[in-house]
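Analysis of the macromolecular model
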Amino acid sequence: MFEVKNQIHTKMCVKAVIFAIFSVFCFTVKNGTYRLAEEKIAQSGGWWPAQLSRIGAVFVNPSSVYFILFCLFICAFLFLMQRISFSHCKVSIVLSVCYALLLLLSDSYFRYNNWDCVFGNGFAFLTSLMRGAGIGILFFFVMQLVLNIRLQTEKGAFSFGRTFLVIGGLFVLCWLPYMIIMFPGAMNADTRDQVAQITGTEQFCFTARMIQQNTPDFLWNNNHPVLFTLILKCFVMLGGAFGSYSWGFEIYSILQSLAFAAAIAYLLTKLRSYGFSRRIIGGFVAFFALNPLFPLYGMTIMKDIPFTIALVFVSVWLYEILSGKRQAGVKECSLLGGVLLVMMLFRNNGFFMAVLAIPFLLFLLWKEKKKMCCLVGTFLISIFVCKIAISGLLFSALGIGSGSSGEMFSVPFQQTARYIKEYRNEITEEEEEIILSVLNTGGTLDEIADLYVPYRADQVKQKYNPKSTGTDLKRYASVWVKQFLKHPGVYLQAYLNLAYCWFGMEGPADNIYYMNVDVYIQKMLDGVKEPEVLLPARNAVNGYTKILDNCPITSWLLEFSVYTWIYLILLVVMVLRRKREAFLTAVMLYANYLICLAGPVGYMRYAIPMIVCLPLVTVLTFYSDSVKIEISQDEKQEGD
C-alpha cells in the first residue's frame, strides 16, 4: 500500500507539469536528422522558415489523445511524489540515462542499421535529447517504484506435493492444445543439423563444414550438444520401430513439454514453500500458463529447453545451499554437481556460465570457508568432468568432433565484414590475404561484404576456415586491431547493430518462435511433416501470438529486451540492498547474458532460460531483509 508522505503544493505541481511535458515527448517527438536540401530551403522562403518547418516535422500531428496523456501524467506524478520516498536518486538517474540512450539507439538501428537518428548531426542529437528526456523521466519513476518494493513472507499450512500437482496440472491443462496442434513438434535448422548427424547426411550438416572432424565420414560433433543429439537418435529409432518418425518426435516433444512444465511448477512450488504469498505465485502461474511462448517452445525440438530445465534445478539447489536450507554436504553437492554437469552437456554456454560463476563464489563466500570450498569444488569437478573427461577424452576416443572455434569470433568477424563493406578500398593486399586465410579461404572480400547482415553474424561466421592455425588467428587479430584503430566507429556500430535487440523494443528477430518442421528434415526422414488437418489450428496459434505481440500491453510479455532490463534493474537492487545470496543464485544467469551479448544473434529462445528463472531471482531480490525466508517442515521431511 502507498503511504502519503507529502502534501500537494505549488512547487510539486510545477514539477509534475514539467515532467508531464517531457514525458509526452516520448510519444510526440520523432528524433532524426531531418536534413534539408537547398531546394527545400528555397521553397520554405529562406533559412529561418525552413528551420521552423524542420522543427515542426519533429512533432506528430496534434491529437486529443496526447492531451489526455499529458493530464494523466500530471495526475500520476502528483500521486507518486506524495507517496514514494525517493532513494538512491543518482543511481536511478544514471540507469535512466542509459535506458533512454539505448532505446533511442535501438530504434535508430532498427530503422536504418546505424546511429544517425541519434548522432547523425546536431539536429538529431537535439531531438534525441528531447525524446530521451521523456523516456528517462518515466524510467526514473519506474526505478523509484521498484526501489520501494518490499516483499514479505507469510506462514501457513502448506503441502509441497499438492501445490506442485495443482500448478503442474494447470500448466498441462493450458498447454495440452499446443501438444496436439504442434504435432510432431517444431524443428529449425539446428535440429536439421543434428538429424543429419544421426542419419549421416553430410549434405544437410552445416556444422561439418565449420569444424575439422576427427574421423572421416563421421559427422557427429559438439557444435550442437552430443547429449541432445544422442537423445534425439533414441527417439528417431523409436519412431522407426513404430513405423512413423513423426510419432517418435511427437513422443519426445510431449515428454519435453511435460518436463518443462514440471520444472517451472517445481520452481514456483519452492517459492510458495518459502512463504511467499499465493497472489505472487498465482501471478507467475498465470504468466507461464497463458503465455503461448512457453508451450510453443516446449514443443520445439532443440537444446534450449533441456538446458533450461537443468538450469532451474541448479538455480534452486544453489540458492538453498547458499541460504542454509540444504547442508553443503557431500550428498547435496554431488546432486548439485550432477545437474550442473547435465546443464553444461545440454548447451555449450553452460560451461562458460559455470566458469564465470567461480570468482564470485570465491570472493563473496570468502568468510564462509566450508561453504565456499564445497561449492567451488563442486563447480570445478563438474567443469573438469565436462571439459576434460567427456568433451576431451571421451569425444576424441569416439571420433566426435569439437565445436567450431569460430563461434567465439562472431563479433570480430561481424566487425570485419562491416569494415570491408564500408572501407573496402583501404584494405591492403596483405590484410586481404590474412583475413581470407581465416574467414573465407578461396573466396573474396566482396563475398564477405555481401554476406554481411547487420543484425545477424551467422552468415559471416559460417565462412570461418576450420583449418586456420594459431598463427593465422594471431595475424588476423593484429589486422583486426589495426583496422579498429583506424575506424573505431565502424566496429562500435557493427557491435551495436548486432546486439541492440537485447535492449530495444523492436528488432527483426526479437520474437522468434517456431511453428513448422524444417523442410530438409523431411528429405532425411520420410513422413516427418505437419499434418494438413492441423494447419488451420497452427495458423490460429500463430495469429493469436502475433495479436499479443502487436497489442501495446501484452507485447511487452513477448519482447525479450524487457527481461534484459528487468535483470539489470534487479542487479542494481541486489547491489544496493547487498543481496549476496540473490546475486550468487543469479550469477550464472548474468553470465549467460554476457555470453549472449557476444553471440551471433539475439533471439527469444536464448532468453528463455533467464525468463523461466526470473520468479526466483525477483522474489529473492525484493523480500524484506527483516524477514527470514522459512522452509516448510513438510518439505524438509520430503527431502525434495
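Use the structure listed above.
Quick caveat: nothing in here was measured; it's all calculated off a predicted structure.

1. Details of the overall build of the protein chain
Across its full length, the protein chain holds 29 helices and zero strands. Taking 2.2 N^0.38 as the reference for a compact globule, 640 residues should give roughly 26 Å; the C-alpha atoms of the protein chain span a radius of gyration of 27 Å, in line with that estimate. Viewed in the frame of its principal axes, the protein chain has a C-alpha envelope of about 80 × 75 × 60 Å. A burial count over the protein chain gives 53% of its 640 residues as buried. Long-range contacts, defined here as pairs at least 24 residues apart, represent 81% of the contacts in the protein chain between residues at least 6 apart. Counting every atom, the protein chain has about 29000 Å² of accessible surface; 65% of that belongs to carbon and sulfur. Positive and negative side-chain charges of the protein chain, numbering 53 and 43 respectively, have mean locations separated by a distance of 10 Å.

2. Let's talk about the side chain of Q144
Among the structural elements, Q144 can be located in helix α7 (residues 122–147). Not counting residues within four places of it along the chain, the set of residues in contact with Q144 comprises I84, S85, F86, S87, H88, C89 and S92.

3. Digging into the packing of helix α14 (residues 304–323) against helix α28 (residues 604–622)
For any two helices packed against each other, one specifies the inter-axial angle together with the distance between the axes. Contact pair α14 / α28: the axes reach a minimum separation of 9 Å and the direction vectors enclose 20°. With respect to α28, the axis of α14 lies roughly parallel. Considering only the axes of α14 and α28, their crossing is right-handed. Between α14, through D304, I305, F307, T308, L311, V312, S315, V316 and Y319, and α28, the contact on the second element is made entirely by R605, Y606, I608, P609, V612, C613, L616 and L620. Across the contact of α14 with α28, the residue classes tally to 13 nonpolar, two polar and two charged.

4. Describing the nonpolar core
Counting 160 residues, the largest nonpolar core has F171, L268, W502 and M588 as the members making the most contacts within it. With 14 residues, the top contributor of residues to this core is α28.

5. Comments concerning the environment of I434
Its place among the elements puts I434 in helix α19 (residues 429–439). Judged by its relative accessible area of 6%, I434 falls in the buried class. Taking C-alpha positions, I434 is 7.7 Å from V479, a pair spaced 45 residues apart along the chain.

6. What to know about the packing of aromatic side chains
Two aromatic rings are characterised by how far apart their centres lie and by the angle between their planes. Within this structure, the stated rule accounts for 53 aromatic pairs. Seen from their ring centres, F86 and F140 are 6.2 Å apart, and the 10° between their planes marks the pair as stacked. Of this pair, F86 sits in the loop between α4 (64–83) and α5 (89–112) while F140 is found in helix α7, placing the two residues 54 residues apart along the sequence. By relative accessible area, F140 is classed as buried at 15%. Taking the centre distance of 5.8 Å and the plane angle of 70° together, the rings of F503 and W565 count as edge-to-face. Of this pair, F503 sits in the loop between α23 (488–499) and α24 (519–524) while W565 sits in helix α26 (residues 560–577), placing them 62 residues apart in sequence. Of the two residues examined, F503 and W565, each falls in the buried class. Here the aromatic residues F19, F27, F73, F77, F86, F140 and F141 are joined through ring pairs into a cluster of three or more. For the cation-ring pair, K325 lies above Y274, with the distance from its terminal atom to the ring centre recorded as 5.2 Å. The ring of F351 carries the charged tip of K387 above its face, separated from the ring centre by 4.8 Å.

7. Brief notes about the pattern of salt bridges
Tallied over the entire structure, the rule returns 17 salt bridges. In this structure, the salt-bridge partner of K371 is E368, at a minimum N-O distance of 3.3 Å. Here K371 falls in the buried class, since its relative accessible area comes to 16%. Since its relative accessible area comes to 27%, E368 is described here as partly exposed. E431 is paired through a salt bridge with K482; the nearest N and O atoms lie 3.4 Å apart. Residue E431 is found in helix α19, and its partner K482 is found in helix α22 (residues 470–486); the two are separated by 51 residues along the sequence. Taking relative accessible area as the criterion, E431 reaches 4% and is therefore assigned buried.

8. With respect to the side chain of Q493
In this fold, Q493 is placed in helix α23. A distance of 2.9 Å separates a polar atom in the side chain of Q493 from a polar atom in the side chain of Y109. Look past the residues within four positions of Q493 in its chain and what remains in contact with it is Y109, N114, W115 and R418.

9. Digging into α19
Looking at α19, one finds that the buried residues are E431, I434, I435, L436, S437, V438 and L439. On the buried face of α19, the contacting elements are α18 (410–423), α20 (445–451), α21 (458–461) and α22.

Rules used in this analysis
- Residues numbered from 1 in each chain as written.
- Predicted model: local features only at pLDDT ≥ 70, side-chain atom pairs only at ≥ 80, totals over all residues.
- Heavy atoms only, no water.
- Helix = DSSP H or I, 4+ residues; strand = E, 2+ residues; numbered from the N terminus.
- Rg over C-alpha atoms; globule rule 2.2 N^0.38 Å.
- Buried < 20%, exposed > 50% of the residue type's maximum accessible area, 1.4 Å probe, protein only.
- Contact = heavy atoms within 4.5 Å.
- Areas by Shrake-Rupley, 256 points an atom, 1.4 Å probe, with all protein chains shown as cover.
- Lys, Arg positive; Asp, Glu negative; His and termini not counted.
- Charge placed at Lys NZ, Arg CZ, Asp CG, Glu CD.
- Axes fitted to C-alpha atoms, helices over the stretch in contact; angles between N-to-C directions.
- Parallel < 35°, antiparallel > 145°, perpendicular 65-115°, else oblique.
- Left-handed = near helix turned anticlockwise from the far one by under 90°.
- Nonpolar A, V, L, I, M, F, W, Y, C, P; charged D, E, K, R; others polar.
- Core = buried A, V, L, I, M, F, W, Y, C linked by side-chain atoms within 4.5 Å.
- Phe/Tyr/Trp six-rings, centres within 6.5 Å; stacked < 30°, edge-to-face > 60°.
- Lys NZ or Arg CZ within 6 Å of the ring centre and 35° of its normal.
- Salt bridge = Lys/Arg side-chain N within 4 Å of Asp/Glu carboxyl O.
- Polar contact = N/O pair within 3.5 Å; in protein donor to acceptor, adjacent residues only side chain to side chain.

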